[in-house]
Amino acid sequence: MVDQNSEQSPPAWQVPAPPPLTSPPLTSPPQGAHAAPPQQSGFPTPPGPAPAHSYPGAEPAQQWGRHQGDPGPSVQDLTSARLLRPTRRAPGSGWRRALYVASGHTVNLGESAEDVTRRELIARINQPLRGCYKIAMLSLKGGVGKTTTTVTLGSTFAALRGDRVVAVDANPDRGTLSQKIPLETAATVRHLLRDAHRITRYSDVRAYTSQGPSRLEVLASESDPAVSEAFSEDDYRRTIDLLELFYNVVLTDCGTGLMHSAMKGVLDQADALVLVSSGSIDGARSASATLDWLDVHGYAALVRRSVAVINSVRPGSGKVDLAKVAEHFAARCRAVHVLPFDEHLEEGAEVELERLSRGSRSALLDLAATVADDFPRASARNSQREGGTPTAELHLPWIPSASIM
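The sections below set out a description of the structure shown in this document. (Residues numbered from 1 in each chain as written. Predicted model: local features only at pLDDT ≥ 70, side-chain atom pairs only at ≥ 80, totals over all residues. Heavy atoms only, no water.)

## Here we look at the overall build of the chain
Within the chain, the regular secondary structure consists of 15 helices and eight strands. Restricting the contact set of the chain to residue pairs at least 6 apart, pairs at least 24 apart contribute 75%. About 24300 Å² of surface is accessible on the chain, with carbon and sulfur atoms providing 55% of the total. (Helix = DSSP H or I, 4+ residues; strand = E, 2+ residues; numbered from the N terminus. Contact = heavy atoms within 4.5 Å. Areas by Shrake-Rupley, 256 points an atom, 1.4 Å probe, with all protein chains shown as cover.)

## Let's talk about the layout of surface pockets
Its boundaries defined by the atoms lining it, the largest pocket holds a volume of some 550 Å³. Lining the largest pocket are 21 residues, and of these Arg118, Arg358, Arg361, Ser362 and Leu365 sit closest to its centre. Broken down by secondary-structure element, the contributors of at least two residues to the lining of the largest pocket are helix 4 (113-125), helix 5 (146-160) and helix 14 (358-372). In terms of residue count, helix 14 provides more of the lining of the largest pocket than any other element does, seven residues in total. When its residues are assigned to classes, the lining of the largest pocket shows eight nonpolar, six polar and seven charged. (1 Å grid on protein atoms, 1.4 Å probe; cavity = no way out; pocket = protein on both sides within 12 Å on 5 of 7 lines; lining within 4 Å. Points joined across faces, edges and corners; volume = space filled by probe spheres on them. Nonpolar A, V, L, I, M, F, W, Y, C, P; charged D, E, K, R; others polar.)

## Focus on the sheet that holds strand 3 (residues 210-211)
With mixed pairing, eight strands are arranged side by side in an open sheet as 3-4-2-5-1-6-7-8. Pairing within the sheet leaves two strands with one partner each, and these edge strands are strand 3 and strand 8 (335-339). In terms of strand pairing, strand 3 meets strand 4 (residues 217-219) through two bridges, oriented antiparallel. When the bridges of strand 4 are listed, Gln211 appears paired with Glu217. (Pairing = 2+ DSSP bridges.)

## Here's the deal with unusual backbone geometry
Of note in this structure, Arg215 is not a glycine but carries a positive phi near 85 degrees. Looking at where Arg215 falls in the secondary structure, it is placed in the loop between strand 3 and strand 4. Arg215 sits in the partly exposed class, given a relative accessible area of 34%. (Buried < 20%, exposed > 50% of the residue type's maximum accessible area, 1.4 Å probe, protein only.)

## Description of helix 12 (residues 322-330)
Listed in full, the buried residues belonging to helix 12 are Leu322, Val325, Ala326 and Phe329. Down the axis of helix 12, the smallest arc covering the buried residues is 95 degrees, so these residues share one side. Projecting away from the buried face of helix 12 at angles above 90 degrees are the exposed residues Lys324 and Glu327. Contacts made by the buried residues of helix 12 are with strand 6 (272-278), helix 10 (281-296), strand 7 (307-311) and strand 8. The backbone nitrogen of Ala323 lies 3.1 Å from a side-chain oxygen of the residue at the head of helix 12, namely Asp321. (Arc of directions from axis to C-beta. Polar contact = N/O pair within 3.5 Å; in protein donor to acceptor, adjacent residues only side chain to side chain.)

## Things to note about the pairing of strand 6
Burial runs high along strand 6: seven of the seven residues are buried. Alternating residues of strand 6 divide into Ala272, Val274, Val276 and Ser278 and Leu273, Leu275 and Ser277, and every residue in both groups is buried. Of the pairings in the sheet, the one linking strand 1 (residues 133-138) to strand 6 comprises four bridges and is parallel in character. Directly across from Ala136, in strand 6, lies its bridge partner Leu273. Direction of pairing for strand 6 relative to strand 7: parallel, over a ladder of five bridges. Residue pairing across strands places Val276 opposite Val309, the latter belonging to strand 7.

## Remarks on helix 10
For helix 10, with 16 residues, the first-to-last C-alpha span of 23 Å sits near the 22 Å given by 1.5 Å per residue. When helix 10 is considered as a whole, its buried residues turn out to be Gly283, Ala284, Ser286, Ala287, Ser288, Thr290, Leu291 and Leu294. Against the buried residues of helix 10 lie strand 1, helix 9 (261-269), strand 6, helix 11 (300-304) and helix 12. The first or second residue beyond helix 10 is Gly298, which carries a positive phi of 90 degrees. (Expected span 1.5 Å × (residues − 1).)

## With respect to the side chain of Thr185
For Thr185, the location among the structural elements is in the loop between strand 2 (165-169) and helix 6 (189-194). Within the local environment of Thr185, its side chain forms a polar contact with the backbone nitrogen of Ala187, the two atoms lying 3.1 Å apart. Apart from residues lying up to four places away in sequence, Thr185 is in contact with Ala207, Tyr208, Thr209 and Ser210.

## Here's the deal with the nonpolar core
Residues Leu192, Leu243 and Phe329 are the most contacted members of the largest nonpolar core, which totals 47 residues. In contact with Leu192, other than residues within four places in its own chain, are Ile199, Val205, Tyr208, Leu219, Thr239, Leu242 and Leu243. (Core = buried A, V, L, I, M, F, W, Y, C linked by side-chain atoms within 4.5 Å.)

Below is the structure:
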């Protein structure tokens, strides 16, 4: 029996439909007011296309775009510096190197400060060099290690640079330069000049030189006591004219006198002067007098770009204050270097860089780097000498060097 008072549900076909969805009228926002966010309709918005930078770590798409008028990417953009991740350099010496090797190259603590300094010095030594750079090694006093410094400096250049380096014995007396490396030939500079007309390639001139383990070549002076003719200015100029065709660095081991004929040719052709002195008082006085003579005789520019070397030929400096000696030459020369005493060099035998002390090798690297700092300026000077366009040589300051030790 149906309760007459209960509410009866209308039939399904009479269920009222939901009110139609209506959107609010589109009206412009008041002037100066911000537009209100759109009202939600109650239904989920279908997902749109994924942005172009949807992968992890990507930058916004507009940063990859190209503005109108900008040039597009080119092959020059694909450089190793841009595309390769920076890696830490492996240590080159010391306990860091030992740990790196022992760990199978898995533990890399990077270079030590000493390794970084060495790498920077080697980079300076390897500066580009156009033409032939001629270095005059000079000292008026014997026994100060001038010939030994010639060989060690030349060996440093030859061992680290890829070009050819030769040292010439221009001592008018019996020179000892050829005794500092293994002797490969009995030929001397006299034989080279005698056969100059037949020399057309490097292999020809190589027959007259001896080469040491560092790749430094030496052209010996005449050692026959029966030969009375001195090595003259013309002889030296002819020698250099021939050598500069095949070598990039030429070091000249001069005699102890400034008045002999060959010296004028050496000084006129030199790009740099390395003045060698001992740490003694008389050695320093002799070296300073050499600079005075050069200033008076028209070589003031060569003096200004010269490098003074205070060579410690004995262990310890005694009572002489080497810092004050270095300060004196620093006021006149481009740089001053102090080479420490080395037991291997004291032997007076053939020079091997590997047998030098650690301090000597570091000092020679510093000296070679200072000399090489003049390579770009030498190219500029040669261009001016040859009548080329004047360069910016006078606007290039000397690179500071912590040379005074």
